[in-house]
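Descriptive structure summary
Letter by letter, the chains look like this.
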Amino acid sequence: MTTKYRAYLKGQAMTMDPILQIGKSCLTPEVTAAVEEALEARELIKISVLQNCVDDPKEMAQMLAERTRSQVVQVIGKKIVLFRQAKKNSKYLPEK
């Protein structure tokens, strides 16, 4: 992913609301499955890590990216943005 494309995705994510929340149980298989489904449906997702989660959001983002074969766009505070391009009909095509 180029820096220009990452900046474009960050801009798109700025207007999004988080669609998932990770709480005190942290990264369970159910959370990973929910992230997988959300990436399949939306490509670009924002996740909110609640205050009662003790794990580091950056480490959680890396783990989620590995488990879902996605890419970490950014982690700001307790917000994680992940991206996985759809196999066809992608909404977020890289600029040529």
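Further up the page is the structure itself.
To keep things clear, this report deals only with the structure shown in the data block. (Residues numbered from 1 in each chain as written. Predicted model: local features only at pLDDT ≥ 70, side-chain atom pairs only at ≥ 80, totals over all residues. Heavy atoms only, no water.)

Here's the deal with the pattern of salt bridges
Across all of its chains, the model carries three salt bridges by this definition. When the shortest N-O distance is used, the salt bridge between glutamate 36 and arginine 69 registers 3.9 Å. Separated by 33 residues along the polypeptide, glutamate 36 in helix α2 (residues 29-42) and arginine 69 in the loop between α3 (57-68) and β3 (71-76) bring together distant segments of the chain. Across the pair glutamate 40 and arginine 84 runs a salt bridge whose closest N-O atoms are separated by 3.1 Å. Here the residue glutamate 40 occupies a position in helix α2, and arginine 84 occupies one in the segment after β4 (79-83), the gap between them amounting to 44 residues. (Salt bridge = Lys/Arg side-chain N within 4 Å of Asp/Glu carboxyl O. Helix = DSSP H or I, 4+ residues; strand = E, 2+ residues; numbered from the N terminus.)

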